[in-house]
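The residues making up each chain are set out below.
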Amino acid sequence: MTMPGCEPVRVWSRLELRTRQVELDRVLQARTADPLWMLTRQWQFGEFQGEDTGSAVLATLARRTGTVTGLDIDGTPRPYRPELPLDAQVEQLPPHFPPAARAHAGRCFLDLLAGHLTADGLPSATAAAARVLAGLFPIEAPALDPQAPGQAVRVARRLAASTAQRVAQALAGRSFDGVALAVAGVAPAALRPAVPSGGEAALDRAVRDHAAWWRGLFLDPGTAGEAWDDARLGYDFGATVSHGDGERIRLRGGDGEPGWHAFDVEATGTGAPGGTGTDVTSTLPSPAQFAGMPSSRWWQLEDSAVSLGRIRADAGDLTKLLATEFALLYGNDWLIIGDTQAAGTMVEVEAVVITDTFGRRSIVRSASDSAGTDWSRWDLFSVAPARERGAGALAQHLWTPPVAPPPLDGPVREETVLLRDEGSNTVWAVESRVPDGLGGGTDGARVARHVRATLDELAGRAAAPAGPDDPGVRWRYRLGTTVPENWIPFVPVHVPGGNREVMLQRASMPRFFPPGSPRVRPITGILRPGLAEDDEQHAPYYINEEEVSRAGLVIRGGMRRARWLDGRTVVWHARRRATGRGEGDSGLAFDRVEPVGDG
């Protein structure tokens with residue numbers, strides 16, 4: 001309503017529905033009032049149009065299977081052990097067992113010996129055997145003289161790992177190295193008089209059981225570490241796959257996890273037959289289904305969890321456009337044929353025959369051959385040929401390497417970060433985590449500070465004064481700065497016989513105190529190739545320059561644990577690669593003039 005001289009006043013009345021019945025069962029049934037209209041709509045959209053085709057009811061699959069028959073470790077043929085996963089056979093490195101673990105293995109042997117003696121009706125006295133074994137397989141903790149030439153650094157490192165040193169001193173002379181006894185696998189002749197009379201058979205059984213128990217815990221370290229390439233900072237390995245017709249395929253693995261994507265075809269040839277040849281199986285095909293798939297019926301509602309209509313794709317989003325077109329137009333044109341493939345096999349599908357409801361058989365061939373080296377073609381699961389080796393492409397296949405499920409990684413025992421320092425034109429290997437002597441790892445920077453402080457204390461060297469005695473001096477000249485002892489330099493050098501190609505050679509920083517101290521050497525096993533236990537270098541160590549990009553590289557070492565197909569638990573020592581966090585700055589500089597007040 002409107003009043004003269006006033007703003008109009010608007011009034012609304014809200015109409016609300018009121019149910020005539022209390023129950024809503026009939027409403028929720030959504031009954032159809034005009035079924036003829038719905039039938040007309042179905043006819044309009046072609047749902048009543050029949051086609052002279054049948055539905056697939058049977059699929060017959062013919063495939064050729066090849067199996068792994070051998071390994072190639074660092075260019076040397078090795079037998080393949082199907083009772084172990086491939087990653088464990090390739091990645092295993094020489095394990096390091098601290099004194100506590102060695103003493104525990106010795107205690108387990110004495111318990112086994114006592115049990116076998118008791119089973120034979122003999123006294124379970126093992127004290128004499130323990131004394132003999134302590135002399136045959138001792139746990140040593142030699143004393144070092146800090147004043148002796150060249151031993152000050154070893155003393156400083158032991159003091160940095162004081163807990164491990166105390167454990168070794170407590171076990172020295174009181175226990176024995178059970179790991180060394182298990183690796184030997186035979187009872188020493190000097191041990192036989194230490195067991196009760198008639199207990200020689202029990203001793204032999206105890207030694208065999210102890211060795212078998214230890215081999216069940218850890219892999220045999222006889223060939224450990226041979227696949228690790230120190231120059232590439234990765235594993236170098238290969239596998240040979242043999243088919244029933246004598247075809248042999250050599251695959252070359254790369255860095256990272258040894259999955260199917262890490263292999264390339266190195267060469268093909270002929271050899272001894274292997275695998276199962278060609279086998280034919282039949283199965284029931286089923287329509288392919290996925291979340292958000294359009295329904296084939298007009299009145300059937302799709303799952304609202306996935307809305308393909310809301311996908312926003314620009315003109316350059318080719319992947320989104322292809323995925324959307326497949327889902328909306330061709331999603332119901334595909335069938336799924338279930339089949340199983342054993343680990344460690346390469347399967348090539350030779351043909352697929354589909355039988356429909358009318359009994360007609362149709363052969364389905366591969367839509368395309370393997371892409372190989374053709375850049376204009378692409379396929380997902382094929383193993384690509386190594387172009388630099390001139391290998392040819394394989395037919396359509398599926399390669400499932402015999403690797404364990406994702407293993408459990410233990411605590412990081414050692415970690416090295418390789419980074420580029422443009423200020424000093426150097427690549428640095430920073431030991432961020434070093435072994436602690438107890439089977440684990442500790443902070444490398446803390447150990448470096450402790451070693452430096454201990455060396456200064458042994459040398460009787462006080463801290464440098466903040467400035468000169470003359471208060472009138474405002475500037476000072478510094479010949480050069482230094483870096484922490486856990487920073488190991490790698491300098492570029494020319495490749496022998498080359499003019500432009502370079503490699504990174506391990507160098508070392510000098511120690512000026514105490515006088516006559518050896519140069520700074522790495523602690524982690526990652527950076528110690530060519531170094532003896534006394535830190536004397538008997539061979540240089542090189543790294544391929546392309547391995548350390550501007551992003552950097554991280555190498556971690558530790559124990560891994562996995563369960564294999566037969567339920568066996570496998571434990572091994574391995575190293576892993578990861579991308580770093582970019583460049584770094586060591587602060588190393590020479591010929592600097594600094595204000596007296598600065599450090």
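Residues numbered from 1 in each chain as written. Predicted model: local features only at pLDDT ≥ 70, side-chain atom pairs only at ≥ 80, totals over all residues. Heavy atoms only, no water.

Caption draft 1: Examining the pattern of salt bridges more closely. Using the criterion set out here, one finds 30 salt bridges in the structure. In this structure, Asp-535 engages Arg-528 in a salt bridge whose closest nitrogen and oxygen atoms are separated by 3.0 Å. On the basis of relative accessibility, which here comes to 10%, the residue Asp-535 falls in the buried class. Classification of Arg-528 as buried rests on a relative accessible area of 16%. By sharing partners, the salt bridges in this structure join Asp-72, Asp-236, Arg-250, Arg-252 and Glu-266 into a single network. (Salt bridge = Lys/Arg side-chain N within 4 Å of Asp/Glu carboxyl O. Buried < 20%, exposed > 50% of the residue type's maximum accessible area, 1.4 Å probe, protein only.)

Caption draft 2: The arrangement of unusual backbone geometry in detail. A positive phi angle, near 55°, is found at Asn-425, a position not held by glycine. Of note, Asn-425 is situated in the loop between β15 (414-421) and β16 (426-435). Its relative accessible area of 56% is what places Asn-425 among the exposed residues. Here Asp-591, not a glycine, exhibits a phi torsion of approximately 55°, which is positive. Locating Asp-591 in the fold gives a position in strand β24 (residues 590-595). (Helix = DSSP H or I, 4+ residues; strand = E, 2+ residues; numbered from the N terminus.)

Caption draft 3: Spatial organisation of helix α7 (residues 162-171). Residues Ala-164, Gln-165, Ala-168 and Leu-171 constitute the buried set of α7. In an axial view of α7, the angular spread of the buried residues amounts to 135°, which keeps them on one side of the axis. Packed against the buried residues of α7 are α4 (99-119) and α6 (152-160). (Arc of directions from axis to C-beta. Contact = heavy atoms within 4.5 Å.)

Caption draft 4: Up close: the confidence of the model for the protein. In the predicted model, the protein carries a mean pLDDT of 84, and the fraction of residues at 70 or more is 89%. Ranking the elements of the protein by mean pLDDT puts helix α1 (residues 25-28) last, at 73, and β15 first, at 96. (pLDDT = per-residue confidence, 0-100.)

Caption draft 5: Just the nonpolar core, in detail. Membership of the largest hydrophobic core comes to 52 residues, with the highest contact counts inside it found for Leu-251 and Phe-490. Residue contributions to this core peak at four residues, all from β16. Ignoring sequence-local partners within four residues, the contact set of Leu-251 consists of Gly-238, Ala-239, Val-241, Phe-263, Asp-264, Val-265, Glu-266, Met-346, Val-383 and Trp-399. Core analysis: the second largest hydrophobic core is formed by 18 residues, Leu-181, Ala-194, Leu-203 and Ala-206 among them. (Core = buried A, V, L, I, M, F, W, Y, C linked by side-chain atoms within 4.5 Å.)

Caption draft 6: View of a nonpolar patch on the surface. On the surface, Phe-326, Leu-328, Leu-329, Tyr-330 and Trp-334 cluster together to form a nonpolar patch covering roughly 530 Å² of accessible area. The topology assignment puts Leu-328 in helix α10 (residues 318-329). Taking relative accessible area as the criterion, Leu-328 reaches 46% and is therefore assigned partly exposed. (Patch = residues over 30% accessible without salt bridge, like charges linked within 9 Å, V, L, I, M, F, W, Y side chains within 5 Å. Areas by Shrake-Rupley, 256 points an atom, 1.4 Å probe, with all protein chains shown as cover.)

Caption draft 7: Up close: α4. For α4, which comprises 21 residues, the first-to-last C-alpha distance of 31 Å matches the rise-based estimate of 30 Å (1.5 Å per residue) to within 8%. Buried within α4 are the following residues: Ala-103, Ala-105, Gly-106, Cys-108, Phe-109, Leu-110, Leu-113, Ala-114, His-116 and Leu-117. Buried-residue contacts for α4 involve α5 (127-136), α7, α8 (178-184) and α9 (200-217). Trailing α4 by a residue or two, Gly-121 shows a phi angle of about 75°, which is positive. (Expected span 1.5 Å × (residues − 1).)

Caption draft 8: Summary view of the packing of aromatic side chains. In this structure the tally under the stated criterion is 11 aromatic pairs. With a centroid separation of 6.0 Å and an interplanar angle of 75°, the aromatic rings of Phe-490 and Tyr-541 are classed as edge-to-face. Of this pair, Phe-490 sits in strand β19 (residues 487-494) while Tyr-541 sits in the loop between β20 (502-506) and β21 (542-544), and the two are 51 residues apart along the sequence. Judged on exposure class, the residue Phe-490 and its partner Tyr-541 are both buried. By way of ring pairs, the aromatic residues Phe-97, Trp-213, Trp-214 and Phe-218 are connected into one cluster. Against the face of Trp-228 rests Arg-575, its NZ or CZ located 5.1 Å from the ring centre. (Phe/Tyr/Trp six-rings, centres within 6.5 Å; stacked < 30°, edge-to-face > 60°. Lys NZ or Arg CZ within 6 Å of the ring centre and 35° of its normal.)

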